[in-house]
Amino acid sequence: MAHSSFHEEDRFNDFYSEVKEIEKRDSVLTSQQQIDRLLRPGATYFNLNPFEVLHLEPDTPIEQIKKKYRTLSILIHPDKNPDNQERAQQAFEVVNKAWKTLENEATRKQCLDVYEEAKGRTDLMITEKRKKLRKEGKHEAIPEDDPSKYKHAVYVMVMKLFADMERRRQQLDLRDQEERKRKREQEIEEEEQRNFQKEWQKNFEESRQNRVNSWQSFQASASSSSKPKKAKKTKYTSFNPPKIKPESR
């Protein structure tokens, strides 16, 4: 985990250095250089910050933000880059998304709040560093005493906070998708159950008359078999006693 943190820190440092160099020559950047900047490896991570996309400080007035957006969007527009239209389109979409975020007062405030929180966390980190040095009896001077180093520390924290926001957003989206999927599956199951009940009721009604007829036939058969049978009449004949033969001597 520590190795991963150091690696991420190095990436931030390298990117920050490149950003500073780009800012120095911003006025002479070509459309190709801007496209490369916006689509460089790892740019998806850094482009979460709309101020970073437009190369602006967070305290830039909205009128200046709009002006910078127009200038940059024209520079990288696909129609202006016929030999590189696909990448130009991707870069244009990044810039357009950044402007939409900053154009909206509510989402722009959320971005500004990220910067404020980053400053607060950076200041707290500096305080903890000084306490540790004081406890160890060492000189309390730290790299962040240099304004450029302090700005870099805030920048790193800003990017981390934007990344955290994006991860939370993705988690919420995933949770929402799973919930919608669960509800849909439940709706399908309930629909199937209703269809089953309707089919069962239909079959039940259709077979009702057959059951009634069968019952009536059964009743009739039972009633017929329960009637008492008439006794047969016995014919009586007259009794003729045998004749007695005379006894011979």
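That block above? That's the structure.
About the cut-offs
- Residues numbered from 1 in each chain as written.
- Predicted model: local features only at pLDDT ≥ 70, side-chain atom pairs only at ≥ 80, totals over all residues.
- Heavy atoms only, no water.
- Helix = DSSP H or I, 4+ residues; strand = E, 2+ residues; numbered from the N terminus.
- Buried < 20%, exposed > 50% of the residue type's maximum accessible area, 1.4 Å probe, protein only.
- Expected span 1.5 Å × (residues − 1).
- Arc of directions from axis to C-beta.
- Contact = heavy atoms within 4.5 Å.
- Phe/Tyr/Trp six-rings, centres within 6.5 Å; stacked < 30°, edge-to-face > 60°.
- Axes fitted to C-alpha atoms, helices over the stretch in contact; angles between N-to-C directions.
- Parallel < 35°, antiparallel > 145°, perpendicular 65-115°, else oblique.
- Nonpolar A, V, L, I, M, F, W, Y, C, P; charged D, E, K, R; others polar.
- 1 Å grid on protein atoms, 1.4 Å probe; cavity = no way out; pocket = protein on both sides within 12 Å on 5 of 7 lines; lining within 4 Å.
- Points joined across faces, edges and corners; volume = space filled by probe spheres on them.
- Domains from an automatic or database assignment.
- Polar contact = N/O pair within 3.5 Å; in protein donor to acceptor, adjacent residues only side chain to side chain.
- Core = buried A, V, L, I, M, F, W, Y, C linked by side-chain atoms within 4.5 Å.

A. Up close: the overall build of the protein chain. Counting its regular elements, the protein chain contains 9 helices and 0 strands. Going from the N terminus to the C terminus, the protein chain shows its helices and strands as α-α-α-α-α-α-α-α-α. Counting over 249 residues, the protein chain shows a buried share of 24%.

B. Fine view of helix α6 (residues 85-103). Here α6 is 19 residues long and its end C-alpha atoms lie 26 Å apart, about the 27 Å a rise of 1.5 Å per residue gives. Of the positions making up α6, those classed as buried are Ala 88, Ala 91, Phe 92, Val 95, Ala 98, Trp 99 and Leu 102. On an axial view of α6, the arc spanned by its buried residues comes to 125°, and they lie on one face. Counted as exposed and oriented over 90 degrees from the buried face of α6: Glu 86 and Lys 97. Taken together, the buried residues of α6 touch α2 (31-39), α4 (50-54), α5 (62-76) and α7 (105-135).

C. Representation of the packing of aromatic side chains. Across all of its chains, the model carries 3 aromatic pairs by this definition. Aromatic pair Phe 51 and Tyr 115: ring centres 5.7 Å apart, planes at 85°, arrangement edge-to-face. Residue Phe 51 is located in helix α4, and its partner Tyr 115 is located in helix α7; the two are separated by 64 residues in the primary sequence. Both residues of the pair, Phe 51 and Tyr 115, count as buried.

D. Structural detail: the packing of α2 against α5. With their axes 8 Å apart at the nearest point, α2 and α5 run at an angle of 100° to one another. By the angle between their axes, α2 is roughly perpendicular relative to α5. Across the interface between the two elements, Ser 31, Gln 34, Ile 35, Arg 37 and Leu 38 from α2 touch Leu 72, Leu 75 and Ile 76 from α5. Here the residues of the contact of α2 with α5 are counted per class, giving 5 nonpolar, 2 polar and 1 charged.

E. Geometry of the layout of surface pockets. Of the volumes computed, that of the largest pocket is approximately 560 Å³. Along the wall of the largest pocket there are 18 residues; nearest its centre are Asn 47, Leu 48, Lys 97, Thr 101 and Glu 166. Residue assignment for the lining of the largest pocket shows that the elements contributing at least two residues are α4, α6, α7 and α8 (147-206). In terms of domain composition, the lining of the largest pocket takes at least three residues from each of domain 1 (15-103) and domain 2 (116-205).

F. Focus on the environment of Asp 146. Turning to its location among the elements, Asp 146 is positioned in the loop between α7 and α8. Within polar-contact distance, the side chain of Asp 146 engages the side chain of Ser 148 at 3.0 Å.

G. Layout of the nonpolar core. Of all hydrophobic cores here, the largest spans 26 residues; its most connected members are Phe 51, Leu 54, Ile 65, Ile 76, Val 95 and Val 158. Counting residues per element, the ones that place at least two in this core are α2, α4, α5, α6, α7 and α8. It is α6 that provides the largest number of residues to this core, a total of 7 residues. Lining this core are residues from two domains, each supplying at least three of them: domain 1 (15-103) and domain 2 (116-205). The residues touching Phe 51, leaving out its near neighbours within four places in the chain, are Leu 56, Glu 57, Pro 58, Ile 65, Leu 102, Arg 108, Cys 111, Leu 112 and Tyr 115.

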